[in-house]
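# Commentary on secondary and tertiary structure
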Amino acid sequence: MNVYAHSTSNDYALNTIEYMVKKKTDSAIRLKRFLIVFLAIVIAVGACFFVSKLPAFGAVIVILIAFIVKVLWSGTNIEYEYTIIQGELTMDAIIGAKKRKTLATAVIRNAESIAPYKNNVPEDATVINACISPDDPATWCMLYKDEDGNKIALLFSAYDKALDIMSYYNRAATSTERINNGATE
């Protein structure tokens, strides 16, 4: 037996998980992308009049338009990163693979309900949408109260291992349904 051999899995991270999902393109994102293209066309038409008087600036204007489109377009690519560490769920939005914003942090044992989302959010709850799409079958809803006592309905995309960990920390609130969607860590 080799005393230096060890398993490749992290034995200390049995109840820890981190995974990402990409937000599905919805009508709001399509509208933003349309407006970006429209803005680029308007700037290009306006630049044509300017370039006709000073042709040396043509290349600079084309590069400027391409830069503006690239920066604005990257803001329409949104991913959500879910992290569960020691019973605390943290949801971050990653915009354009550059900017990270924490959307919500919740202690799983304080959740009132963790169940599949079926348009059943209480009226007095603030909805935080951090899922692929509300219509996706892997979308779940976690109801909890934040530090100020406000009721929060957190929509997230789940898969089996994450649900198992949530069940470990709060079996009474977590639904027994599972996804089996094959998401990867």
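Above this note sits the structure.
The following refers to the structure shown. (Residues numbered from 1 in each chain as written. Predicted model: local features only at pLDDT ≥ 70, side-chain atom pairs only at ≥ 80, totals over all residues. Heavy atoms only, no water.)

### Some thoughts on the sheet that holds strand β5 (residues 113-116)
Strand order across the open sheet formed by four strands is β5-β7-β8-β6, with mixed pairing between neighbours. Of all the strands in the sheet, just β5 and β6 (126-130) have a single pairing partner and so form its edges. Averaged over all neighbouring strand pairs, the angle between strand axes comes to 20°, with direction disregarded. By the bridge criterion, five bridges tie β6 to strand β8 (residues 151-157) in an arrangement that is parallel. Each bridged residue has a counterpart across the sheet, and for Val127 the counterpart in β8 is Ala153. (Pairing = 2+ DSSP bridges. Helix = DSSP H or I, 4+ residues; strand = E, 2+ residues; numbered from the N terminus. Axes fitted to C-alpha atoms, helices over the stretch in contact; angles between N-to-C directions.)

### Digging into the side chain of Thr83
As for its placement among the helices and strands, Thr83 is situated in strand β2 (residues 78-85). Contact partners of Thr83, with chain neighbours within four places excluded, come to Ile17, Glu18, Glu88, Leu89 and Thr90. (Contact = heavy atoms within 4.5 Å.)

### Describing helix α3 (residues 160-169)
If you check which residues of α3 are buried, you get Asp160, Ala162, Leu163, Ile165, Met166 and Ser167. Where α3 is buried, its residues contact β1 (17-22), β2, β3 (88-95), β5, β7 (139-145) and β8. (Buried < 20%, exposed > 50% of the residue type's maximum accessible area, 1.4 Å probe, protein only.)

### Focus: unusual backbone geometry
In the Ramachandran plot, Gln86 falls in the positive-phi region, its phi being about 50° despite a non-glycine side chain. Within the secondary structure, Gln86 is located in the loop between β2 and β3. Positive phi outside glycine occurs at Asn119, with the angle close to 55°. Within the secondary structure, Asn119 is located in the loop between β5 and β6.

### Considering the nonpolar core
Counting residues in each nonpolar core, the largest one holds 31 residues, and the members touching the most others are Tyr19, Met142 and Phe156. Breaking this core down by element, the ones donating at least two residues are β1, β2, β3, β4 (99-107), β6, β7, β8 and α3. With residues up to four places along the chain from it excluded, the contact list for Met142 reads Leu89, Ala106, Val107, Ile108, Ala111, Ser113, Ile114, Ile152, Ala153, Leu154 and Phe156. Core analysis: the second largest hydrophobic core is formed by seven residues, Tyr117, Cys141, Ala153 and Leu155 among them. (Core = buried A, V, L, I, M, F, W, Y, C linked by side-chain atoms within 4.5 Å.)

### Examining the environment of Ala97
Within the secondary structure layout, Ala97 lies in the loop between β3 and β4. With relative accessibility at 66%, the residue Ala97 sits in the exposed group. Sequence separation between Ala97 and Asn77 is 20 residues, and the spatial gap between their C-alpha atoms is 7.7 Å.

### Points about the sheet that holds β3
If you walk across this open sheet you meet the four strands as β1-β2-β3-β4, and the pairing is antiparallel. Two strands lie at the open edges of the sheet, namely β1 and β4, each paired on one side alone. Pairs of neighbouring strands in the sheet enclose a mean axial angle of 20°, with direction left out of account. By the bridge criterion, eight bridges tie β3 to β4 in an arrangement that is antiparallel. Paired with Ile94 across the strands is Arg100, a residue of β4. Together, β1, β2 and β3 form the strand contacts of α3, whose direction differs from that of β1 by roughly 135°.

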